[in-house]
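# Working through the structure, step by step
Okay, here's what each chain looks like letter by letter:
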Amino acid sequence: MRRTYGSHLVHLGGTQKTRGWYSASPTVSPAYCTSLTTKLTYGDSVAGTLESHRAQQLTLPLERRQRHGRRGDSRDIKRETWVLTGEGKKYAAEGSPEVQLFLAVPAEGSISKDELQKKLDPAVFKIGCSQAGKNKWVEMGKQVSRKVQNVEDKVKDLLLQVQNGHALSKEEISSLKARKLIVPQTWKGYSVRKGPNYAPKRKKAATDLTRENLQKGDWKELEFKEYNFNAKGQPAEGGHLHPLLKVRKQLKDIFLQMGFEEMPTNNFVESSFWNFDALFQPQQHPARDSHDTFFLEEPSTTRELPEDYVERVKRVHESGGYGSRGYGYEWKREEANKNLLRTHTTAVSSRMLKALAEKPFAPKKYFSIDRVFRNEAVDRTHLAEFHQIEGLVCDRGLTLGDLIGVLHDFFSRLGMSKLRFKPAYNPYTEPSMEIFSYHEGFGKWVEVGNSGMFRPEMLLPMGLPEDVHVIAWGLSLERPTMILYGIDNIRDLFGHKVDLGLIKRNPICRLGIS
Ligand code: PHE
């Protein structure tokens, strides 16, 4: 490999070719030009290798060359030349067989064929006879004699020309080729020359504009690396589901398999009216105290409520109706208007049931799983916010037996088939039941939820038909998740103290598989 700096020519095996792209004249191209040639035997198709770092940069694929602002341009060069075969070389040195034969024939008289044969190499004799005969140089018989005085060794001359790199005519080439005295040889090389952004020293392109660059002002001189939009990014290391999300998904699937529809729970802010009043929860109830509930300062009150329904709710609180005596207190609109962070998803259930009451009645099965907020002292089992799972069935003539049946169905799908119920109290359900399940691991009955049948004082002011009953239940998402994942402090599961490693490494724990 030969490299020439400052030369404008690319040398192809010594051929001084001055035509074509690689022959830019020295005045036009004061070029940094590298001539790289590799001698290859004919038939070989491998291109010469570029070893120099610079050369590699110069021969970058087009796309990259463009990105680098074309420091250099390169081109492959392929040329066919002719070289002598072994036989050709021999004749170039010793003369062609026909001339050797001619010279062996005496200038005067003749020589017997046998004698002539002895004087020459067998191959030279054989070829010489036929070529000299064809050229009409000699008379061939038993005796051989010259027919001309002098001969010219045209073949030897042509072979020497080929050896010296001179071009021959087509006919000359084909005659030598036919006699297998020459063969084609392929030359491959590269031609490299300066591109518009050529620089003798490689400048490292800046990949970032830094604070220092801006302070020093050297950003003006910097050459910035262009973005490579085809580069593949780091594989994203994300998409880990929090245990609560995994359990929520399973619960959602269970509800869907049971034919329940999901309620829209996308409002954390609710009015006291829908969270409490609509649920027949009296305004003096301790849960409605700021010690238990987060009230909003801004906006502190709701903008609108369905007025005729508000009127019916007020009446049922104050004096009852629908077979009820009511609470017998003076119901205050200001209390109902107060905005709060919903304390239970039953607020959403009340909105849904009211919407249902406005249409011709159709039975429904609804569920939701979303966040609720309570102003509670935080300890290992309580947070000020948690997720509530809620299910309800609304149909004509439902009874407590239906509630118990649905609860057995639902909880057995969670892997809790042993259930017990304990009478309880909720302002909005009658009867109400706490749900207990026997936990094999703990060896005891644990409370798993709360349930009941919505009171007529809640359903009838909405306008639902009298024989429509609603059975409902609620439980927290955190409780079963903690049991399933063996977490005993809720703060390890939810909130700012959670170890992110828990989210990345938590196993798949399936509800209902023990
Ligand atoms: N809202 C109740 C709670 O917060 C749960 C519940 C829902 C109870 C539906 C009965 C019926 O605990």
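Definitions and cut-offs
Residues numbered from 1 in each chain as written. Predicted model: local features only at pLDDT ≥ 70, side-chain atom pairs only at ≥ 80, totals over all residues. Heavy atoms only, no water. Near = heavy atom within 4 Å. Polar contact = N/O pair within 3.5 Å; in protein donor to acceptor, adjacent residues only side chain to side chain. Areas by Shrake-Rupley, 256 points an atom, 1.4 Å probe, with all protein chains shown as cover. Helix = DSSP H or I, 4+ residues; strand = E, 2+ residues; numbered from the N terminus. Nonpolar A, V, L, I, M, F, W, Y, C, P; charged D, E, K, R; others polar. Core = buried A, V, L, I, M, F, W, Y, C linked by side-chain atoms within 4.5 Å. Buried < 20%, exposed > 50% of the residue type's maximum accessible area, 1.4 Å probe, protein only. Contact = heavy atoms within 4.5 Å. Pairing = 2+ DSSP bridges.

Residues in contact with the ligand amount to 14 residues; listed here are only the nearest, His344, Thr346, Arg374, Gln388 and Tyr428. Here a nitrogen atom of the ligand sits 3.2 Å away from a polar atom, N or O, in the side chain of histidine 344. Take threonine 346: an N or O atom from its side chain is 2.7 Å from a nitrogen atom of the ligand. Here the ligand, which alone exposes 320 Å², has 92% of that area covered by the protein. Listing elements by their share of the shell around the ligand, those giving two or more residues are strand S11 (385-396), strand S14 (444-454) and strand S15 (468-476). For the shell around the ligand, the class distribution of residues is 3 nonpolar, 9 polar and 2 charged.

This brings us to the nonpolar core. Counting residues in hydrophobic clusters, the biggest one holds 38 residues, and the most contacted among them are Leu251, Ile389, Leu407, Phe410, Phe411, Leu414 and Trp473. Those residues within four positions of phenylalanine 411 in sequence are excluded, and the remaining contacts are Met416, Leu419, Ile435, Val448, Trp473 and Leu475. Membership of the second largest hydrophobic core comes to 30 residues, among which are Leu279, Met352, Phe454 and Ala472.

Of all 12 residues in S11, 9 are buried; the element is thus mostly enclosed. Note: strand S10 (residues 364-373) against S11, 10 bridges, orientation antiparallel. Each bridged residue has a counterpart across the sheet, and for aspartate 370 the counterpart in S11 is glutamine 388. Inspection of the sheet shows S11 paired to S15 by 9 bridges, in the antiparallel sense. Pairing of arginine 396 across the sheet is with valine 468, part of S15.

Okay, the sheet that holds strand S3 (residues 111-112) next. Judged by pairing direction, the sheet is antiparallel, and its 3 strands sit side by side in the order S3-S5-S4 without closing on themselves. Taken across any chain shown, the strands that pair with only one partner, and hence form the sheet edges, are S3 and strand S4 (138-140). Two elements, S4 and strand S5 (residues 143-146), share 3 bridges in a ladder whose sense is antiparallel. Residue glutamate 139 lies in a different strand from S5, and its bridge partner there is serine 145.

Bringing the side chain of serine 432 into the picture now. Summarising the element assignment, serine 432 is placed in strand S13 (residues 429-439). A polar side-chain atom of serine 432 sits 2.6 Å from a polar atom in the side chain of threonine 429. In contact with serine 432, not counting residues within four places along its chain, are Lys422, Pro423, Ala424, Tyr425, Asn426, Ser451 and Gly452.

Don't take any of this as a statement about function, it's just geometry.
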